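Spelled out from the first residue to the last, the chains are:
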Amino acid sequence: MSPNNPAVEALGVAVAARVPVLLWGAPGTGKTSAIRAMAQIMGLPCETVIASIREPSDFAGLPIVVGDGVRFAPPAWAKRLAEAGHGLLFLDELSTAPPAVQAALLRVVLERAVGDLLLPAAVAVVAAANPPEQAADGWDLSAPLANRLCHLAWQTDPRSVADGLAGGWAPPVVPVLPDGWQAEEVLSRGLVSAFLRVRPALACAPPSDAASAGRGWPSPRTWEMAARLLAAASASGASDEARSVLVRGAVGDGAGIEFLAWLSEMDLPDPEQVLADPVSFQLPERGDRAYAALAAIAAAVATDPTPERWTAGWQVLGLAADVAPDVAAVAARVLAKCRPEGTALPAEIHRFVPVLRAAGLLQA
Amino acid sequence: MSDPGLDGLAAARLWAAVKFPYLATGVFGAQVIAERGSGAVSVDESWRMHADPELTAGWTPAQLGSVLVHHVCHLLRTHGERAQATGVRPDEARTWVRAADAEINDDLVPAGLDLPGRPVLPRDLRAEDGLLAEQYFEAIRAFAQEGKGGRGVGPSDRSGQSDEETAGGWVDCGSGADGIPRPSSRPGGLPGWQADLLRRQVALDVAAHGKLPGTVPAGLLRWAQQVLSPRVNWRVLLKAELRRAVAEVAGAVDYSYRRPSRRSAVAGQVVLPALRRPVPEVAVVCDTSGSMTADLLAMVLAEVEGLLRALGLARQVRVLACDTAVGPAQRVSSARQVQLIGGGGTNMGAGIAAAAALRPRPAVTVVLTDGYTPWPAEPPKGMRIVVGLIGSRAPDAPPWARAVRVEPD
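What you see is a predicted model; the values in this text were computed from it and never measured.

**Q** Outline the overall build of chain A, listing residues and values.
**A** Of regular secondary structure, chain A possesses 17 helices and 9 strands. Compactness check: chain A gives a C-alpha radius of gyration of 27 Å against a globular reference of 21 Å for 364 residues, more than 25% above the reference. In terms of overall dimensions, chain A has C-alpha extents of about 95 × 55 × 40 Å along its principal axes. The burial tally for chain A puts 51% of its 364 residues in the buried class. Across chain A, every contact between residues at least 6 apart in sequence was considered, and the portion connecting residues at least 24 apart equals 77%. When the accessible surface of chain A is split by element, carbon and sulfur atoms take 57% of a total near 15,900 Å².

**Q** Can you explain the interface of chain A and chain B? Please cite residues and give values.
**A** Across the boundary between the two partners, chain A contributes 52 residues, which contact 45 residues of chain B. Summed over both sides, the interface of chain A with chain B buries roughly 3,900 Å², with 64% coming from carbon and sulfur. On inspection of chain A and its partner chain B, the count reaches 2 salt bridges. Asp-326 of chain A serves as the salt-bridge partner of Arg-13 of chain B, at 2.6 Å between the closest nitrogen and oxygen. At the junction of chain A and chain B, the tally comes to 3 residue pairs in polar contact (both at pLDDT 80 or more). The dominant element in the side of chain A that touches chain B, judged by the number of residues it contributes, is helix α16 (residues 325-336) of chain A, at 6 residues. Of the residues in the side of chain A that touches chain B, the class split is 29 nonpolar, 7 polar and 16 charged.

**Q** Can you explain the packing of aromatic side chains? Please cite residues and give values.
**A** All names here are of chain A. In total, this model carries 13 aromatic pairs over all chains according to the counting rule given. Taking the centre distance of 6.1 Å and the plane angle of 55 degrees together, the rings of Phe-59 and Trp-77 count as tilted. Residue Phe-59 is located in helix α3 (residues 56-60), and its partner Trp-77 is located in helix α4 (residues 76-84); the two are separated by 18 residues in the primary sequence. Comparing Phe-59 with Trp-77 shows no difference in burial state: the two are buried. Each ring, one from Trp-314 and one from Phe-352, has its centre 6.1 Å from the other, and the planes form 50 degrees; the classification is tilted. Here Trp-314 is found in helix α15 (residues 307-323), whereas its partner Phe-352 is found in the loop between α16 and α17 (353-358), with 38 residues between them in sequence. The class of Phe-352 is buried, set by a relative accessible area of 2%. Taken together, the aromatic side chains of Phe-195, Trp-223, Phe-259 and Trp-262 make up a single cluster linked through ring pairs.

**Q** So what's going on with the sheet that holds strand β1 (residues 31-34) of chain B? Which residues, and what values?
**A** Residue and element names in this part refer to chain B. Taken together, the 3 strands give an open sheet; going across it, the order is β1-β3-β2, and neighbouring strands pair in mixed fashion. Each of the sheet's edge strands pairs with one partner strand only, and the pair in question is β1 and β2 (41-43). Neighbour-to-neighbour, the strand axes of this sheet turn through a mean angle of 20 degrees, independent of strand direction. With 3 bridges connecting them, β2 and strand β3 (residues 48-51) associate as antiparallel partners. By the bridge assignment, Val-43 is partnered in β3 with Met-49.

Calculation criteria
Residues numbered from 1 in each chain as written. Chains lettered and ligands numbered in written order. Predicted model: local features only at pLDDT ≥ 70, side-chain atom pairs only at ≥ 80, totals over all residues. Heavy atoms only, no water. Helix = DSSP H or I, 4+ residues; strand = E, 2+ residues; numbered from the N terminus. Rg over C-alpha atoms; globule rule 2.2 N^0.38 Å. Buried < 20%, exposed > 50% of the residue type's maximum accessible area, 1.4 Å probe, protein only. Contact = heavy atoms within 4.5 Å. Areas by Shrake-Rupley, 256 points an atom, 1.4 Å probe, with all protein chains shown as cover. Buried area = accessible area lost by both parts, 1.4 Å probe. Salt bridge = Lys/Arg side-chain N within 4 Å of Asp/Glu carboxyl O. Polar contact = N/O pair within 3.5 Å; in protein donor to acceptor, adjacent residues only side chain to side chain. Nonpolar A, V, L, I, M, F, W, Y, C, P; charged D, E, K, R; others polar. Phe/Tyr/Trp six-rings, centres within 6.5 Å; stacked < 30°, edge-to-face > 60°. Pairing = 2+ DSSP bridges. Axes fitted to C-alpha atoms, helices over the stretch in contact; angles between N-to-C directions.

Here it is as structure tokens:
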């Protein structure tokens, strides 16, 4: 695995933020070794438990008669983690665990409760599974268990396999969260809640078909998880790609993409503010963002074309024409069609004549 | 957005954005880089176009704009990724690009795309309009196999091809079209997840323009619908529904005192029950009325059987053929052994009732039908029903059953 693999980076952020995470990937692609290496670098004791060969009582505790009551004794791996006070619990082969074992795992994954023992909050939970299509005896993950995990797709890059075989596997880069990173969570929770106000249908949308029930899907719990992961990603300086992988892993692809699209739209200038103060307008760097910003401004003018707004719109386009004459010209065509009666032609309009003529959009 | 020093670029992009307003976001989203001496206009998978100014100097803004739109379509339709998924070898890349060109051009050229030279159209590949690049690719391969000089296969015919069809020498569409990394490629450009967002935005624009009839070519509209609400392969859905139905039964794990628990040793005086897991019986009810397609039914049966075998349940399967009456249950070990008797009308209620009467009673029943059948008003007690609705126009299944639509690929 190359250190710049977004899945590895995302895994590091999720472990550091103590969000339960599940790696989906074909057998033999280095999920287990990456997790062990990560635990070693972080100095966490790693306990591997293979879920598919365990019974429900291994996670719910073994009943022991003590005096006149029954205690649910935790197994040794849980005791070791509790004594260490921190660590990494690695649940392997999660999707081949029978449904009854998956049900017993619910409390372990989210609340870290094993029988009567509560694992310390500093224990990170990581799971790995083979997609049901690839494991002959695999089960789809039950929707309640799937909803407690951030799902990451583990893909192998042939080039990094070739490098790794020749020169040894590069250890994964583990992000470091600065102290007090939780302060960022206030901001990211605000973002998520603002988004859910716009798209209330996405606050809780359990999947309708069985195939997508075993992956991430939006619910209040996963949105909270997404907010926590967003905060951890920005505090640790993770790449945008890793951030997108984490958000989509928590709330599912559909809702995740909508949220990310909404986030990048947030960066666009507000058309009404620009029209109120056209001189301060900054054209976004990327062409498609510039187009979106100018189209929004032109549309805002067209819905309410007062002479002041119309003139302010031309002022903005005049500024944009220096950098991106073509993008500005598309918006100029919209503005030209909604000229308020009796308004003088602005000086900026002449700047678009050459490019419009070259494109064959002006007669003579 | 900086000026790359390519004459006429602004006019070309403006032409493209006005001519194809639904693709404007994509056209402006691609970064154009002047690359002197490359002799081509190519595109890489990170939304960067490399254009040779000496080549483009001879083109009108409409021609340069058309090439930009054409390349943006390569990116929108993820031809690079698809080439790798199809297993295109480097020596077949040129054939693939011709197939990909045909997929783009078949409805954009009629819509006014003005490419320099003669664009590749499906009829050049002896294929019909409206197919996918993968299908055109197969068509070219099949055509070459007929021994007509191997036209379009291998790098040897490179020069002949560009003379014949795409005079103007911009035929190397780049890694964005065939997915094969170029030695000159540099890191940077648009990261994959942002490219996904951009693609989705263009699909939204196309769908919005498509609300006015006649403004967007039908092929492009189909692409946008596929991006916005992807069609999931019925095999995945059917298997997942079946696995879930079996898991719900097998997950009904219960405790039994017939056998002592393996935990008894730690429990001292307490006798613990052992867990027992039921192994579900599965029945398959096949509609054999005249309206069914035999090929599709055989495919679905094979999928069902493959999955049950993977779950270790193949021995428990019984198949019932059903129209208005029900044929005797057949215990089969392979889909090929299923004999479809019957004809005429259909009543799946009879088939479900017959499955419920089998002993041992099946816990899961798979019903494969074209949907033109009366259904019982209530689900049978203690039995889970998964319905495979075969054919694209099948009516809905009753709400108490889990239904999967099986459509021909």
